[in-house]
Amino acid sequence: MAKKRVAYFYHHDIGNYYYGPGHPMKPHRLKMTHNLLLTYGLYKKMDVYRQHWASREEMTQFHSQEYVDFLQKVSPDNVRKELNEVTSKFNVGESTDCPVFDGLFDYCSAYTGATLDGARMLNHNLKDICINWAGGLHHAKKNEASGFCYVNDIVLGILELLKHHSRVLYIDIDIHHGDGVEEAFYVTDRVMTCSFHKHGDFFPGTGDIKHIGRGAGKYFSVNVPLDEGMDDESFAYIFKPVIQNIMQRFDPGAIVLQCGADSLTGDRLGCFNLTLKGHAQCVKFVKSFGVPLLVLGGGGYTIKNVARLWTFETSVLVGEEIANQIPYNDYYEQFKQNKYMLHLSPTDQANKNTREMLDRTLNHVLQNLSYLRGAPSVQVQEVPPDYPSNTDGDINDARDVDMSGAQADKSGALSSARQHPGEYYEGPKDQDK
Ligand code: LLX
Ligand code: CA
Ligand code: ZN
């Protein structure tokens, strides 16, 4: 496979945000990943960028003003006294799994900024693949936080890609259902969402195979419910034909791939049995279609294995083989348990996904896909700007990423945005509640 032009986004402060003692989400895993991939020398094979900080206005392209205002105002100091009443409304605070911590808004602004930068680089054909391991917060909703996620960078990234692409495919291999992304695009045929997840008595409880989209979006939401103990062979057995079929029928102009590491063997909160190779074969398969690709992180709670996985997947994306022996790095002792080896072996956990179940699920999904009548197209209109106009005029102040050359796109794509009514689901109408 020819080498790809790869951009990688990282900010040196991202690993210092802290959800609090005992919380399983540890942004420190991003620092470990960054350090490991640097020591493998992978920075030489891609362009490394510090992201811009996403503004309130950029976030409200999906989220409600009221919710983003709240995220901007709330702090560990005022959450109890002044803002106590609204915390339950937005599902943020002590009694939830989405705590208020120091720098919460800046954290959201950092990971969202990186996802938007990646989408814009792909839109302007500056790169083939963009990577943001800090992104992938698929549970966040228009008006509320959920499952450790506050701002849904994925929805915002897809909306950005839709400015230049008629159709965007979203693939989610996190062990959890990508509910926030599915909900946002449930009624449109311009975004196909496809989540593979553990289903049945598992957070967030959505993602039934029968949920396929509504209205113009019917058959454009694909759910692949799975059971515990999923191994590499079973995962490939269902992942490859589903994605192959979607690629043929939907023919997306860009793909967003959420690479949650909680589907790995030995994850603290997960129950699948995938190795690095099994997880990364999905990445390799998606890459093989040669479509502009935005790669994001996601869950992942055994943090040394998150660092292993995303380092290995970075090597796959840049097309470089890396040694199984982990090179000396800042967190070297954390890798001792597996003799300082990169790769993991599966455990002897039983795979509850029988071949019969997988065949039934696969046939059901392929049957639904067969109802798609060719790839939908939309009218060519004027391209919306990369950055929404801002009355303060300060949107680009902190933008570090070099986007020069963006206007040089010869394809004419810059002057031909594609828009469609009902681009994403606005949430229930009052009369539906
Ligand atoms: N699934 C997922 C993906 C990304 C993030 C968080 C989640 N949430 C969970 O894994 C989960 C697990 C158990 C209960 C509830 C939710 C995420 C990624 C980066 C930063 C913040 C959140
Ligand atoms: Ca998933
Ligand atoms: Zn998850």
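The structure contained in this document is the topic of the report that follows. (Residues numbered from 1 in each chain as written. Chains lettered and ligands numbered in written order. Predicted model: local features only at pLDDT ≥ 70, side-chain atom pairs only at ≥ 80, totals over all residues. Heavy atoms only, no water.)

**Structural notes on the coordination of the calcium ion (ligand 2)**
So, step 1. Asp172 (O), Asp172 (OD), Asp174 (O), His176 (O), Ser195 (OG) and Phe196 (O) make up the full set of protein donors to the calcium ion (ligand 2), lying at 2.5 to 3.1 Å.
So, step 2. Positions of the donor residues of the calcium ion (ligand 2) along the chain correspond to the pattern D-x1-D-x1-H-x18-S-F. With His176 in the loop between strand E4 (168-172) and helix H7 (179-184) and Phe196 in strand E5 (residues 191-198), this residue pair connects regions lying 20 residues apart in the sequence.
So, step 3. Classification of His176 as buried rests on a relative accessible area of 10%.
So, step 4. The buried category is assigned to Phe196, whose relative accessible area is 1%. (Donors = N, O, S within 2.8 Å, 3.2 Å for Na, K, Ca; no water. Helix = DSSP H or I, 4+ residues; strand = E, 2+ residues; numbered from the N terminus. Buried < 20%, exposed > 50% of the residue type's maximum accessible area, 1.4 Å probe, protein only.)

**Things to note about the pattern of salt bridges**
So, step 1. What the rule picks out here adds up to 15 salt bridges.
So, step 2. In this structure, Arg80 and Glu94 form a salt bridge, with 2.7 Å as the shortest nitrogen-oxygen distance. Within this pair, whereas Arg80 is found in the loop between helix H3 (65-73) and helix H4 (84-89), its partner Glu94 is found in the loop between H4 and helix H5 (104-123), the two being separated by 14 residues in sequence.
So, step 3. The exposure class of Glu94 is exposed, given its relative accessible area of 65%.
So, step 4. A salt bridge links Asp179 to Lys141; the nearest nitrogen and oxygen atoms lie 3.1 Å apart. Separated by 38 residues along the polypeptide, Asp179 in helix H7 and Lys141 in the loop between strand E3 (129-132) and helix H6 (153-161) bring together distant segments of the chain.
So, step 5. Taken together, the shared-partner salt bridges in this structure form one network comprising Glu58, Arg120, Glu160 and Lys163. (Salt bridge = Lys/Arg side-chain N within 4 Å of Asp/Glu carboxyl O.)

**Side note on the coordination of the zinc ion (ligand 3)**
So, step 1. For the zinc ion (ligand 3), the full set of protein donor atoms is Asp174 (OD), His176 (ND1) and Asp262 (OD), and the range of their distances to it is 2.0 Å.
So, step 2. Considering all four donor atoms around the zinc ion (ligand 3), angles at the metal cover 99 to 142° and the coordination shape is irregular.
So, step 3. If you list the donors of the zinc ion (ligand 3) from N- to C-terminus, the spacing comes out as D-x1-H-x85-D. (Tetrahedral: all angles 85-135°; square planar, octahedral: opposite > 155°, others 65-115°.)

**So, the packing of aromatic side chains**
So, step 1. All told, the structure shown has 22 aromatic pairs when counted by the stated rule.
So, step 2. Ring geometry for Tyr107 against Tyr111: centres 5.3 Å apart, planes inclined by 75°, an arrangement best described as edge-to-face. Placement of both Tyr107 and Tyr111 in helix H5 is noted, with a separation of four residues, approximately one turn of the helix.
So, step 3. For Tyr111, a relative accessible area of 0% translates into the label buried. (Phe/Tyr/Trp six-rings, centres within 6.5 Å; stacked < 30°, edge-to-face > 60°.)

**So, the nonpolar core**
Grouped burial of nonpolar side chains is what soluble globular proteins tend to show.
So, step 1. Among the nonpolar cores identified, the biggest contains 136 residues, and Tyr150, Ile158, Ile171, Phe196, Phe235 and Phe239 are the most heavily contacted of them.
So, step 2. Looking at which element gives the most residues to this core, the answer is H5, with eleven residues. (Core = buried A, V, L, I, M, F, W, Y, C linked by side-chain atoms within 4.5 Å.)

**Description of unusual backbone geometry**
So, step 1. In this structure, Pro204 follows Phe203 across a cis peptide bond, with omega equal to 0°.
So, step 2. Structurally, Pro204 is set in the loop between E5 and strand E6 (221-226).
So, step 3. One non-glycine residue, Asp251, lies in the positive phi region at around 50°.
So, step 4. Tracing the backbone shows Asp251 in the loop between helix H8 (232-250) and strand E7 (254-258).
So, step 5. Relative accessible area serves as the criterion here: at 44%, Asp251 is assigned to the partly exposed category.
So, step 6. Even without glycine at this site, Lys339 takes up a positive phi of about 55°.

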